Amino acid sequence: MGAAFAAATFAFVCIQLAPGDPVTALGEGVPEAVRDRLRAVYGYDASIGTQYVRWLGAVLRGDFGFSTAQQRPALDVVLGALDNSLAIVLPGVAVAVLFGMLLGVWQGIHAKTRGDRIVSAIMATLYAMPEFSLALVLLLLFSVIWPVLPAGGMVDDMHAYYAPWKQATDRLRHLVMPVLVIALVDAAALARYQRQSMRDVLDQPFVRAAYGAGLPSRRVRTQAWRASLLPVLTLLGILLPVNLLGVVFVEQAFAWPGLGLAFFNAINARDYAVVAACVIVEGVVIAIAGFSVELLREAADPRLRVLETDYRRGRG
């Protein structure tokens, strides 16, 4: 939590130092007297230090402020956007883990073959391609040339009038392309890490010794895969929080009201409360993801738990 508040403080100061304020973002049609009144009401006429102390005290009481752009509590804005982002990020990362790891393991076992070179070229292309460009390619293919999927939004305009089964189908159809973009890009990254890690483990003496002892190839490769998971799990712990704010261009391309788009719009509107709330929520997600990854790393390699226990005993 300390890191989350430090990041939120940094974001608060940076947006305060930027030209303008939420009142300026209202446009030129608002009279100056009304602007001054609004600055006094929301406290924007105070110094940065005073505004920060007020904001920090409110956050410690559980009050994350009020969104001047959307006229509702900032935390409601952020949590609503977070739900929308998780709806595409979690399935996208899950699909990426499944296919990225499978491809990476296969490449590691069949390294330097023709199939490995072909898959590596495809993964490198996906890894290098900007998410926004990939989103546009999918939109062109599946919404223009072959119009089988909706071009954007979370649901159709007539969604409320559909039967329950058709509402579920409608939501799934709108999920396909955003999830696919995230899955393809993340799978490319995971496959590259998994391939290299698997190759490094297969070159270890204990693997050669296992083969020499006559152990079944499938069993040896399974243990090698488990030993190769540590760097991949570390990358996985980064992907989830990065995707929450980092898929803003994907959300923009598909008109998906997620956390990244909410953060981007809040910066443009100088919506201080929403910007700070976004950073705090992202910091909490990073902390949860980091803790979860540590548990997965210990499950994959129990030696880490022993080392940590010995370290704590040594400090004690």
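Residues numbered from 1 in each chain as written. Predicted model: local features only at pLDDT ≥ 70, side-chain atom pairs only at ≥ 80, totals over all residues. Heavy atoms only, no water.

> Please explain the environment of A255 as it appears in this structure.
Positionally, A255 belongs in the loop between α11 (248-253) and α12 (259-268). Separated by 102 residues in the primary sequence, A255 and G153 place their C-alpha atoms 5.0 Å from one another. (Helix = DSSP H or I, 4+ residues; strand = E, 2+ residues; numbered from the N terminus.)

> Could you clarify how one ought to interpret the layout of surface pockets in this entry?
Where empty space is left becomes clear once a probe the size of a water molecule has been rolled over the atoms. Empty space within the largest pocket amounts to approximately 390 Å³. What lines the largest pocket is a set of 16 residues, and nearest its centre among them are Y42, Y44, W55, G65 and F66. For the lining of the largest pocket, the secondary-structure elements that each account for two or more residues are α1 (2-17), α3 (48-60) and α13 (272-300). For the lining of the largest pocket, the leading source of residues is α3, giving four residues. Looking at the lining of the largest pocket, its residues break down into nine nonpolar, four polar and three charged. (1 Å grid on protein atoms, 1.4 Å probe; cavity = no way out; pocket = protein on both sides within 12 Å on 5 of 7 lines; lining within 4 Å. Points joined across faces, edges and corners; volume = space filled by probe spheres on them. Nonpolar A, V, L, I, M, F, W, Y, C, P; charged D, E, K, R; others polar.)

> Is there a simple way to think about the nonpolar core in this case?
Grouped burial of nonpolar side chains is what soluble globular proteins tend to show. Residues W55, V78, V181, F254, L259 and V274 are the most contacted members of the largest nonpolar core, which totals 61 residues. It is α13 that provides the largest number of residues to this core, a total of 13 residues. Listed in part, the eight residues of the second largest apolar core include V105, M198, V207 and A224. (Core = buried A, V, L, I, M, F, W, Y, C linked by side-chain atoms within 4.5 Å. Buried < 20%, exposed > 50% of the residue type's maximum accessible area, 1.4 Å probe, protein only.)

> In this structure, what is going on with the pattern of salt bridges? I would like to understand it.
For side chains of opposite charge, pairing can occur when their charged atoms come near one another. Tallied over the full model, the rule gives four salt bridges. Residue R35 is joined to E32 by a salt bridge in which the shortest nitrogen-to-oxygen separation is 4.0 Å. Residue R35 and its partner E32 are both found in helix α2 (residues 32-42); the two are separated by three residues, about one turn of the helix. In this structure, D36 engages R39 in a salt bridge whose closest nitrogen and oxygen atoms are separated by 3.6 Å. Highlighted residues: D36 and R39, both in helix α2, separated by three residues, approximately one helical turn. On the accessibility criterion, D36 (41% relative accessible area) is partly exposed. Relative accessible area serves as the criterion here: at 17%, R39 is assigned to the buried category. (Salt bridge = Lys/Arg side-chain N within 4 Å of Asp/Glu carboxyl O.)

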